[in-house]
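# Commentary on secondary and tertiary structure
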Amino acid sequence: QVQLVESGGGLVQPGGSLRLSCAASGNIFSIYPMAWYRQAPGKQRELVARITSGGSTNYADSVKGRFTISRDNAKNTVYLQMNSLKPEDTAIYYCKMTTNRGTYWGQGTQVTVSS
C-alpha cells in the first residue's frame, strides 16, 4: 500500500515561486514513474509534469520553461519547482505514482496565484 502526501501549496503573487513536495511511503519508490497533475474548478485534471524512474521528464506546454519536476529517491519524494507563476496556474495539484499494484494519488495541495 502506497501513501502520497503533498505539501508546499499556498497563496503566491503572479511572478512568484513555489515548491511542491510529494512524499511517498515505502522502500521501492525509485523504480516507479511519478507525475504531477492539477485540476482547476470546472476543468478536467491535466498532466503538468512527469518523471520516470530513470529521470526522463515531460511537461505540459503551458508550464515548459517555468516548472521543473525532480525526484530524490533517498527521500522517497518528488518535487515540483514552480517559477514565474501565473493566475492560470491556480489549481489543486496532485502527485501520482504508478506501481505494479496500481495507481496512487495524493490528496492534493492548493496553489493560488493572485495579486
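Refer to the structure presented above.
I will try to describe carefully the structure that is included in this document. These numbers were taken from a predicted model, which means no experiment stands behind them.

### Side note on the pairing of strand β11 (residues 109–113)
- Taking every second residue as pointing to the same face, the buried face of β11 carries T109, V111 and V113, while none of Q110 and T112 on the other face is buried.
- Looking at chain direction, strand β9 (residues 91–99) and β11 are connected through 3 bridges and run antiparallel. Across the sheet, A91 pairs through a bridge with V111, a residue of β11.

### Some details on the nonpolar core
- In terms of nonpolar packing, the biggest core is built from 29 residues, with L4, W36, L80, M82 and Y93 touching the most fellow members.
- Among the elements of the structure, β3 (18–24), β4 (34–39), β5 (46–51), β7 (67–72), β8 (77–82), β9 and β11 are those that each provide at least two residues to this core.
- Look past the residues within four positions of M82 in its chain and what remains in contact with it is G16, S17, L18, L20, R66, F67, Y93 and V111.

### A short note on the packing of aromatic side chains
- In this structure the tally under the stated criterion is 2 aromatic pairs.
- With centroids separated by 5.0 Å and ring planes inclined at 65 degrees, the aromatic side chains of Y37 and W105 adopt a geometry described as edge-to-face. Remark: W105 occurs in strand β10 (residues 102–105) and Y37 occurs in strand β4; sequence separation between them is 68 residues.
- Among the residues examined, Y37 registers a relative accessible area of 15% and is labelled buried.
- Classification of W105 by relative accessible area gives partly exposed; the value is 35%.
- With 6.4 Å between their ring centres and 85 degrees between their planes, Y94 and W105 make a pair best called edge-to-face. With a gap of 11 residues between them, Y94 in strand β9 and W105 in strand β10 connect regions that are remote in the sequence.
- Looking at Y94, the relative accessible area reads 11%, which means it is buried.
- Put simply, the rings of Y37, Y94 and W105 touch in pairs and so form one group of aromatic residues.
- Here R19 stacks its cationic end above the ring of Y79, 4.0 Å away from the centre of that ring.
- For the cation-ring pair, R45 lies above W105, with the distance from its terminal atom to the ring centre recorded as 4.6 Å.

### A look at the environment of S25
- By the element assignment, S25 lies in the loop between β3 and β4.
- Excluding residues that lie within four positions of it along the chain, S25 makes contacts with Q1, V2, Q3 and N76.
- One polar contact links the side chain of S25 to the main-chain amide nitrogen of Q3, over a distance of 2.9 Å.

### Details of the state of the cysteines
- One pass over the structure, following the stated rule, counts 1 disulfide.
- Paired by a disulfide, C22 and C95 hold their sulfur atoms 1.9 Å apart. The chirality of the disulfide connecting C22 with C95 is right-handed, given an S-S dihedral of about 50 degrees. Pair noted here: C22 is in strand β3 and C95 is in strand β9, with a separation of 73 residues, a long-range link. Of the two residues examined, C22 and C95, each falls in the buried class.

What counts, and at which threshold
Residue numbering note: each chain is counted from 1, following its sequence as written. Thresholds applied to this predicted model are a pLDDT of at least 70 for local features of residues and 80 or more for the giving and counting of side-chain atom pairs; totals over whole chains, interfaces and linings are not thresholded and use all residues. Calculated side-chain values reflect all of the structure's heavy atoms, with hydrogen atoms and water omitted. When accessible area is computed with a 1.4 Å probe and restricted to protein chains, residues below 20% of their type maximum are described as buried, those above 50% as exposed, and intermediate ones as partly exposed. Helix numbers and strand numbers start at the N terminus; a helix is a DSSP run of H or I with at least 4 residues, a strand a run of E with at least 2. Two strands are said to pair when DSSP picks up at least two bridges between them. Side-chain atoms within 4.5 Å are what join buried Ala, Val, Leu, Ile, Met, Phe, Trp, Tyr and Cys residues into a set we call a nonpolar core. When checking whether two residues touch, look at their non-hydrogen atoms; a contact exists if any pair is within 4.5 Å. Pairing of aromatic rings covers Phe, Tyr and the six-membered ring of Trp, with a centre-to-centre limit of 6.5 Å; geometry is then stacked below 30 degrees between planes, edge-to-face above 60, and tilted otherwise. Note on criteria: charge over ring means Lys NZ or Arg CZ within 6 Å of the ring centre, with the direction from the centre no more than 35 degrees off the ring normal. Under the rule applied, a polar contact is a pair of N or O atoms within 3.5 Å (in protein, one hydrogen donor and one hydrogen acceptor; residues adjacent in sequence only if both atoms are side-chain atoms). Whenever a pair of cysteine sulfur atoms sits within 2.5 Å, that pair is classed as a disulfide.

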